Amino acid sequence: MIYLTLKILNLFIILENLLNLFLNWSDSLALKSVREKISHNIPDFNSIVENRAAYSLSNSHFVTHGSWPYYQNVIEVGGIHCKPGKVLPSEMKQFMDSHSSGVVYVSFGSAVKPSQMTEYQKNVFYAAFQELNIPIIWKWDDEDLSRIPSNVRVMKWVPQNDLLAHPNLKVFVTHGGLMSLQEALFHKVPIVGVPIAFDQIGNLNRAQRNGYAINLNLHSLTKDDLVSSIRRVMADENIQKSIKKMHDLFTDDHFQTPMKRGVRIVEHVLKDGNQGFQ
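Residues numbered from 1 in each chain as written. Predicted model: local features only at pLDDT ≥ 70, side-chain atom pairs only at ≥ 80, totals over all residues. Heavy atoms only, no water.

(A) Broad picture of the packing of helix α7 (residues 178-186) against helix α10 (residues 237-251). Contact pair α7 / α10: the axes reach a minimum separation of 8 Å and the direction vectors enclose 105°. One element, α7, and the other, α10, form an angle in the roughly perpendicular class. For the pair α7 and α10, contact is made by Gln-182, Ala-184, Leu-185 and Phe-186 and by Ile-243, Met-246, His-247, Phe-250 and Thr-251, respectively. Looking at the contact of α7 with α10 residue by residue, the classes come out as six nonpolar, three polar and no charged. (Axes fitted to C-alpha atoms, helices over the stretch in contact; angles between N-to-C directions. Helix = DSSP H or I, 4+ residues; strand = E, 2+ residues; numbered from the N terminus. Parallel < 35°, antiparallel > 145°, perpendicular 65-115°, else oblique. Contact = heavy atoms within 4.5 Å. Nonpolar A, V, L, I, M, F, W, Y, C, P; charged D, E, K, R; others polar.)

(B) View of helix α4 (residues 90-97). Those residues of α4 that fall on the buried side of the exposure criterion are Met-92, Phe-95 and Met-96. Summarising the axial view, the buried residues of α4 lie within an arc of 95°, below the 170-degree limit, and thus occupy one face. Residues of α4 that are exposed and point more than 90 degrees away from the buried face comprise Ser-90 and Gln-94. Against β3 (103-107), β4 (136-139), β5 (152-155), α6 (160-164) and β6 (169-174) lie the buried residues of α4. (Buried < 20%, exposed > 50% of the residue type's maximum accessible area, 1.4 Å probe, protein only. Arc of directions from axis to C-beta.)

(C) Quick look at the sheet that holds β6. Here six strands make up an open sheet; going across it, the order is β5-β4-β3-β6-β7-β8 and the pairing parallel. A single partner strand is all that each edge strand has here, and the edge strands are β5 and β8 (213-215). Each strand of the sheet is rotated relative to its neighbour by a mean of 20°, with strand direction disregarded. Across three bridges, β6 lies against strand β7 (residues 191-193) in parallel orientation. Across the sheet, Val-173 pairs through a bridge with Val-192, a residue of β7. (Pairing = 2+ DSSP bridges.)

(D) Examining the pairing of β4 more closely. Bridge count for β3 against β4 is three bridges, and the pairing is parallel. Bridge pairing in β4 links Val-104 to Ile-136. Where β4 meets β5, four bridges bridge the pair, whose relative direction is parallel. Paired with Trp-138 across the two strands is Val-154, which belongs to β5.

(E) Just the packing of aromatic side chains, in detail. One pass over the structure, following the stated rule, counts nine aromatic pairs. Judged by centre distance (6.0 Å) and plane angle (40°), the rings of Phe-22 and Trp-25 are tilted. In this pair, Phe-22 and Trp-25 both sit in helix α1 (residues 2-37), three residues apart, roughly one turn of the helix. Overall, the relative accessible area of 48% leaves Phe-22 in the partly exposed class. Note on Phe-125 and Phe-129: the rings are 5.7 Å apart at their centroids and 70° apart in plane angle, and the pair reads as edge-to-face. Of this pair, Phe-125 and Phe-129 are both found in helix α5 (residues 119-132), four residues apart, which corresponds to roughly one turn of the helix. There is no split in this pair, since Phe-125 and Phe-129 are both buried. (Phe/Tyr/Trp six-rings, centres within 6.5 Å; stacked < 30°, edge-to-face > 60°.)

From the geometry alone we can't say anything about function, so treat these as descriptive.
Structure representation (structure tokens):
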């Protein structure tokens, strides 16, 4: 048993070393590009962090990331970009106002474009949306609209924060990018999550554990999975209670909003530099 444990630990160490090698390599490519475009005198990122960084502003919050021990110069500003919604463009506002029973919003951000989906995946969405027969706004980049169901409104660009703020927006089908997740929390919109890669899987797993999301797998997704998940998120009282509870925790800023915390730290560094954190 001890031998097996050591083997597993060694495996994790090897994987960590490989990850560090990859990150150093990708950083070197980015630094090369920056130096070519700006100045060859720019130091490497590690030197900047070691010698010049005073604080780190982290786009994290215990609701989205869990509770972790941080150094005193790591300042959490999760949700700093979230803000009350503005009035929607007139045509979209009219559409949203006219559907008090609820609208579903579907967007995968910049992670994957609908046109990049396989034909099977597209057909799952077409069939699911047609069966749902409820108003849907789909961020869509393909010129082919021939198979888009009549209840679906496609748009190449969406004022996402303002749309999520509308009271008739009931479900957000998302890839689970952190900023989209935080906007959903800020505006109390429960989620059907379809993660693609990177941090999205962890983001949505935590959202599901906190009760305000249902997660699906894009590669094994079926029409019935998508239909039942959207219907459940719209109607399930426990999910509605969970999104309200998580929203309250996420927006309970005590004495300072994320923006004010961030501004305070920037002003402090401008005044005093990195004294005490070298």
